[in-house]
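Working through the structure, step by step
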Amino acid sequence: MTDLPPAILWPLVVFLGLCLGSFLNVVIVRLPVMLMLGWRAEAREALELPDESQPRFNLMVPRSICPSCETPIAWHDNLPVIGWLKRRGRCANCEGRISPQYPLVELAGGALALAVLALHGPTWQGLFIFSACLALLALAVIDLRTQLLPDIVTLPLLWAGLLYQLLFQPLLLSDAVIGAMAGYLSLWSFYWLFKLVTGKEGMGFGDFKLLAALGAWLGWQYLPMVLILSAGVGAVVGVLAQLAIPRLRGAPMPFGPFLAMAGWIALLVGEPLMALYLDIML
Ligand SMILES: [Zn+2]
């Protein structure tokens, strides 16, 4: 896709990854608010209540402001990672704390860009996989913050997975279609069984859609590995988090971040891992 010399290509790709991570932070913080405002407006319409006047709120408007004092953030304090480090995680105006989520998501964007470039080179296929990794990053953090996995992200991710197979591995397209169906239906069945037996809801519908999307990107053969990885990591992190932070005890834990993490692993190093997995299982 590009003939740039490595000395330019690699730093450029990492820089783009950091900047995209910075944009993802905006999506992560604002998308759930935008959805909530939309649902509120729809509910008021259904109840035939008068419209509320809301100030314009989307990914572009208003500008980035400090969450404590609402001062607009200068562009040089908004640079990926550096802006946060420069101010040591505090607002330039009021010294209010700025969440470490911002630099962490930016770093994750840079790291994913680096990993995809190392594994797939500067190819169109790599670009597709990188966008899937970014969508998973946004979903993971949105789920952690709000227990939502918005359809507006999971469903396009699913269709993009089928498009990816159609473009790059057409012979595996049926594996991908089966993967999407099996991903959704397996968790859907588990949800209803769990609900019938215990009367509780074990997970949300967003989890089914996310696993369906991963099935499309990876093919059905990878679903058991994805589930084992996410349940395994989820169990370890869950126990550690509850030991470390007592108020988390008994609190429901989102499953989406672990599915997303397993998705990254499978998208990036799925093939060698699959060989290892089959060695262990067979
Ligand atoms: Zn401030």
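What counts and how
Numbering of residues begins from 1 in every chain and follows the order in which that chain's sequence is written. Selection of residues for local features in this predicted model requires a pLDDT of at least 70, selection of side-chain atom pairs for listing and counting requires 80 or more, and totals for whole chains, interfaces and linings are taken over all residues. Only heavy atoms go into the side-chain values, all of them from the structure, while hydrogens and water stay out. Put simply, DSSP H or I for four residues or longer makes a helix, DSSP E for two residues or longer makes a strand, and each gets a number counted from the N terminus. Expected span, for any helix, means 1.5 Å times one less than how many residues it has. Two axes define the bend at a residue: one fitted to the seven residues ending there, one fitted to the seven starting there, and the bend is the angle between them. Coordinating donors are taken to be N, O and S atoms lying within 2.8 Å of the metal, or within 3.2 Å when the metal is Na, K or Ca; because water is excluded from the atom set, some sites may appear incomplete. A four-donor site is classed as tetrahedral when every donor-metal-donor angle falls between 85 and 135 degrees; four donors are called square planar, and six octahedral, when trans pairs exceed 155 degrees and all remaining angles lie between 65 and 115, with any other arrangement labelled irregular. The cut-offs for exposure are 20% and 50% of the maximum accessible area for each residue type, with area from a 1.4 Å probe on protein chains only; residues under the lower value are buried, those over the upper are exposed, and the others partly exposed. Each salt bridge in this description consists of a side-chain nitrogen of Lys or Arg and a carboxyl oxygen of Asp or Glu lying within 4 Å of one another. Start and end positions for the domains come from either an automated domain assignment or a database one. Throughout, a residue-residue contact means that at least one pair of heavy atoms, one from each residue, lies within 4.5 Å. Throughout, buried area stands for the accessible area (probe radius 1.4 Å) lost by two parts on being put together, summed over both. Only the stretch in contact is used when a helix axis is fitted, and all axes are lines through C-alpha atoms; the angle between N-to-C directions ranges over 0 to 180 degrees. Every angle not falling under 35 degrees, over 145, or within 65 to 115 is termed oblique; those three ranges are roughly parallel, roughly antiparallel and roughly perpendicular. By definition, any crossing whose near helix is turned counterclockwise from its far helix by less than a right angle is left-handed, and any crossing with a clockwise turn is right-handed. Charged means Asp, Glu, Lys or Arg here, nonpolar means Ala, Val, Leu, Ile, Met, Phe, Trp, Tyr, Cys or Pro, and polar covers whatever is left, Gly included. What counts as a ring pair is set by centres within 6.5 Å for rings of Phe, Tyr and Trp (its six-membered ring), and what kind of pair is set by the plane angle: stacked under 30 degrees, edge-to-face over 60, tilted for all other angles. Patch building starts from residues that exceed 30% relative accessible area and form no salt bridge, then joins like charges within 9 Å and nonpolar side chains (Val, Leu, Ile, Met, Phe, Trp, Tyr) within 5 Å. Method for areas: the Shrake-Rupley scheme with a 1.4 Å probe, in which residue coverage is limited to the protein chains shown.

What about helix H9 (residues 256-281)?
In an α-helix, one turn spans 3.6 residues, which is why side chains three or four residues apart end up on the same side. Taking 1.5 Å of rise per residue, the 26 residues of H9 would be expected to cover 38 Å, yet its terminal C-alpha atoms sit only 26 Å apart, more than 12% below that figure. The largest bend in H9 amounts to roughly 95° and is located at Gly270, with the proline Pro272 lying one to four residues further along.

Re the coordination of the zinc ion
In the first shell of the zinc ion, the protein supplies Cys66 (SG), Cys69 (SG), Cys91 (SG) and Cys94 (SG), at 2.3 Å from the metal. Taken together, the 4 donor atoms surrounding the zinc ion define angles of 105 to 115° at the centre, an arrangement classified as tetrahedral. Sequence spacing among the residues donating to the zinc ion works out to C-x2-C-x21-C-x2-C. Taken together, the residues span a long stretch of sequence, with Cys69 in the loop between helix H1 (6-46) and helix H2 (82-86) and Cys94 in the loop between H2 and helix H3 (101-120) at a distance of 25 residues. Classification of Cys69 as partly exposed rests on a relative accessible area of 28%.

Regarding the pattern of salt bridges
Scanning the entire structure with this criterion turns up 6 salt bridges. Here Asp77 ties to Lys86 by a salt bridge, and the two come within 3.1 Å at their closest N and O atoms. On the basis of relative accessibility, which here comes to 13%, the residue Asp77 falls in the buried class. Two residues, Glu201 and Lys195, come together in a salt bridge whose shortest N-O distance is 3.1 Å. The exposure class assigned to Glu201 is exposed, which follows from its relative accessible area of 53%. Several salt bridges share partner residues, and in doing so they unite Arg40, Arg44 and Glu52 into one network.

A word on the domain arrangement of the chain
Split by domain assignment, the chain resolves into domain 1 (1-122) and domain 2 (148-282). Domain 1 and domain 2 are separated by 25 Å when their C-alpha centres are compared. Counting residues at the interface gives 9 residues for domain 1 and 8 residues for domain 2. Surface buried jointly by domain 1 and domain 2 totals about 630 Å² across both partners, of which 89% is contributed by carbon and sulfur atoms.

What about the packing of helix H4 (residues 124-146) against H9?
Relative orientation of the contacting elements H4 and H9 amounts to 165°, with a least axis distance of 8 Å. By the angle between their directions, the pair H4 and H9 is classed as roughly antiparallel. Both H4 and H9 take part in a crossing whose hand is left-handed. Taken together, the residues of H9 that come into contact with H4 (itself represented by Ile129, Ala132, Cys133, Leu136, Leu137, Ala140, Asp143 and Leu144) are Gly256, Pro257, Ala260, Gly263, Trp264, Leu267 and Leu268. Here the contact of H4 with H9 is built from residues that sort into 12 nonpolar, 2 polar and 1 charged.

Notes on the packing of aromatic side chains
Applying the stated criterion across every chain yields a total of 10 aromatic pairs. Where Phe190 meets Phe194, the ring centres are 5.8 Å apart and the plane angle is 25°; that geometry is what we call stacked. You can see Phe190 and its partner Phe194 sitting in helix H6 (residues 173-198), 4 residues apart, about one turn around the helix. Between the aromatic rings of Tyr191 and Phe205, the centroid separation amounts to 5.3 Å while the plane-to-plane angle is 70°, which identifies the pairing as edge-to-face.

With respect to a nonpolar patch on the surface
A contiguous nonpolar surface patch, about 740 Å² in accessible area, is contributed by Val177, Ile178, Met181, Leu185, Trp188, Trp192, Phe205 and Trp220. The element best represented in the nonpolar patch is H6, accounting for 6 residues. By the secondary structure assignment, Trp192 is in helix H6.

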